[in-house]
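Here is how the chains run, residue by residue.
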Amino acid sequence: MSTAAQRLRFWITSSRPGLWFPTVWLYLLPLGGTAPWGSPAFWVGLLHVTLPLNLLVYGWNDLVDRETDRLNPRKGNALFGARGDDAELASLPWAMAVASGLGFGAVALLDGPRQLLVAAGTVAVCWLYNREPGGWRGRPPLELLCQIGYLLVVPLSAWLNDAPLPPLATWAYLALFTAQAQLMGEVMDVDPDRQSGRRTTATDLGVKRTKGLIVAVVTAEAALAFWVFHDALFGGALVAFVAWLLLDLFVLFGERRYSLGWMKALGVISNVMAGATMIYVWRTGCLL
């Protein structure tokens, strides 16, 4: 494999294709059962929220967490992200700038300058999370607040595809969803984070209490699904997820760490479930 091909592979891996599903999920959500399949703008936006946007978000994080990542057994693959050497990491800023510049530039050309607000907001959240010193990634629970930055994908999609913005309850559900995803990642990474001296909500609370917090967050999501969105199927799926989390907490694992094989299995299962819920939420518009 040529050096150029190796570098391209590293950049793609740094964007964590196994974690593209949240941004794609959020992109489709406001379209509520319809999609302008014949619109170039739709496809440009969909492409942008995959590699370019995720390379900016995760690549920036990889630059500041390089020491932690070298201790992290789940890094070094497309599912959870690259583990780059110094030369590879040095190439990331240029790749991030070019990819995100082209992506946001194309979206702004198609929709107008309001998309530059989304771009500015995305960069601001990434900077707040990753800045050195004092980045919120190491100041729990502020790192959970930064996950709300993912919700900028929603106005990007709505504006680009001429769809209305979701109601307030949808934003509340999505904020819970992003916090849940962050907490689950922190549980997996609690040991390398502690070894490198990084503080997170999971390192502060401990594995068992963090899992309890995840149960509470998903229970709140289920409550919204039943009593605000009135969708028994979606709510029932969340209740089943709560049941699994309780089984994990009290029977299967508790304080014990997941094996690398189990973490990879959870990553694959997460993608399958995300794909199923993505289609359901988009087709039914149940969260709108």
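(A) Expanded view of the overall build of the protein. Check the secondary structure of the protein and you find 15 helices and 0 strands. Taking 19 Å as the expected radius of gyration for a compact globule of 288 residues, we find that the protein reaches 19 Å, a close match to that expectation. Taking the principal axes of its C-alpha atoms as reference, the protein extends roughly 50 × 50 × 35 Å. Classification of the 288 residues of the protein by burial places 50% in the buried group.

(B) Focus on the side chain of Q115. Among the secondary structure elements, Q115 is positioned in helix α7 (residues 114–130). Under the relative-accessibility criterion, Q115 is labelled buried at 1%. Apart from the residues within four sequence positions on either side, Q115 is in contact with V107, A108, P155, L156, W159 and L160.

(C) Spatial organisation of the packing of helix α10 (residues 168–188) against helix α13 (residues 207–227). It is the contact of α10 with α13, at a shortest axis distance of 9 Å, that shows an interaxial angle of 160°. With respect to their mutual orientation, α10 and α13 come out roughly antiparallel. Pair α10 / α13 crosses with left-handed handedness. Contact residues: α10 offers A172, Y173, L176, F177, Q180, L183, M184 and V187, while α13 offers V207, T210, K211, L213, I214, V217, V218, A220, E221 and L224. Of the residues assigned to the contact of α10 with α13, the class counts are 14 nonpolar, 2 polar and 2 charged.

(D) Fine view of a nonpolar patch on the surface. Where nonpolar side chains cluster on the molecular surface, the patch consists of L246, L247, F250, V251 and L252 and spans about 450 Å² of accessible area. Its location among the elements puts V251 in helix α14 (residues 232–252).

(E) Main features of α7. Compared with an ideal rise of 1.5 Å per residue, which puts 17 residues at 24 Å, α7 spans 25 Å between its outermost C-alpha atoms and is within 8% of the ideal. Looking at α7, one finds that the buried residues are Q115, V118, A119, T122, C126, Y129 and N130. Looking straight down α7, one finds its buried side chains confined to an arc of 100°; they lie on one side. In this fold, the buried residues of α7 make contact with α4 (51–64), α6 (86–111), α8 (142–146), α9 (153–160) and α10.

(F) Structural detail: the environment of Y173. Take Y173: it is sitting in helix α10. Note: C-alpha distance between Y173 and V57 (116 residues apart in sequence) is 22 Å. Apart from residues no more than four positions distant in its own chain, Y173 is found in contact with W25, E221, L224, F229, F234, L238 and L287.

(G) Examining the nonpolar core more closely. Formed by 69 residues in total, the largest nonpolar core has its most connected members in W25, Y27, Y173 and L287. When near neighbours in sequence (up to four residues on either side) are disregarded, Y27 contacts A41, F42, G45, L46, V49, V153, L156, S157, L160 and N161.

(H) Examining the state of the cysteines more closely. Enumeration over the complete set of coordinates arrives at 0 disulfides. Between C126, a free cysteine, and C146, which holds the nearest cysteine sulfur, the sulfur-to-sulfur gap is 8.9 Å. Judged by its relative accessible area of 6%, C126 falls in the buried class.

The rules behind these values
- Counting starts from 1 at the beginning of each chain's written sequence and moves along it residue by residue.
- Two thresholds apply to this predicted model, a pLDDT of at least 70 for residue-level local features and 80 or more for giving and counting side-chain atom pairs, whereas whole-chain, interface and lining totals are computed over all residues.
- Values reported for side chains reflect all heavy atoms of the structure, with hydrogen atoms and water molecules removed beforehand.
- Where helices and strands are cited, they refer to DSSP runs of H or I of at least four residues and of E of at least two residues respectively, numbered from the N terminus.
- Radius of gyration: over C-alpha atoms. The globule rule applied is 2.2 Å multiplied by the number of residues raised to the 0.38 power.
- Buried means the residue's accessible area, taken with a 1.4 Å probe over protein chains only, is under 20% of the maximum for its type, while exposed means over 50%, and partly exposed covers the values in between.
- Contacts were defined at the residue level, with two residues in contact if any of their heavy atoms lie within 4.5 Å.
- Here an axis means a line fitted to C-alpha atoms, over the contact stretch when the element is a helix, while the angle between two N-to-C directions is reported on a 0 to 180 degree scale.
- Angles are sorted into four bins: roughly parallel if under 35 degrees, roughly antiparallel if over 145, roughly perpendicular if 65 to 115, and oblique for all others.
- Throughout, a crossing is termed right-handed when the near helix is turned clockwise from the far one, and left-handed when it is turned anticlockwise from it by less than a right angle.
- Ten residues, namely Ala, Val, Leu, Ile, Met, Phe, Trp, Tyr, Cys and Pro, are considered nonpolar, four, namely Asp, Glu, Lys and Arg, are considered charged, and the remaining ones, Gly among them, are considered polar.
- Candidates for patches are residues over 30% relative accessible area with no salt bridge; among them, like charges are joined within 9 Å and nonpolar side chains (Val, Leu, Ile, Met, Phe, Trp, Tyr) within 5 Å.
- Using a 1.4 Å probe, accessible areas were evaluated by the Shrake-Rupley method; residue-level cover was limited to the displayed protein chains.
- A carboxyl oxygen of Asp or Glu within 4 Å of a side-chain nitrogen of Lys or Arg is what we treat as a salt bridge.
- Each residue after the first adds 1.5 Å to the expected span of a helix.
- Here, the arc refers to the directions that run from the helix axis to the C-beta atoms.
- Buried residues of nine kinds, namely Ala, Val, Leu, Ile, Met, Phe, Trp, Tyr and Cys, make up a nonpolar core once their side-chain atoms join them within 4.5 Å.
- Any two cysteine sulfur atoms lying within 2.5 Å of each other are counted as a disulfide.

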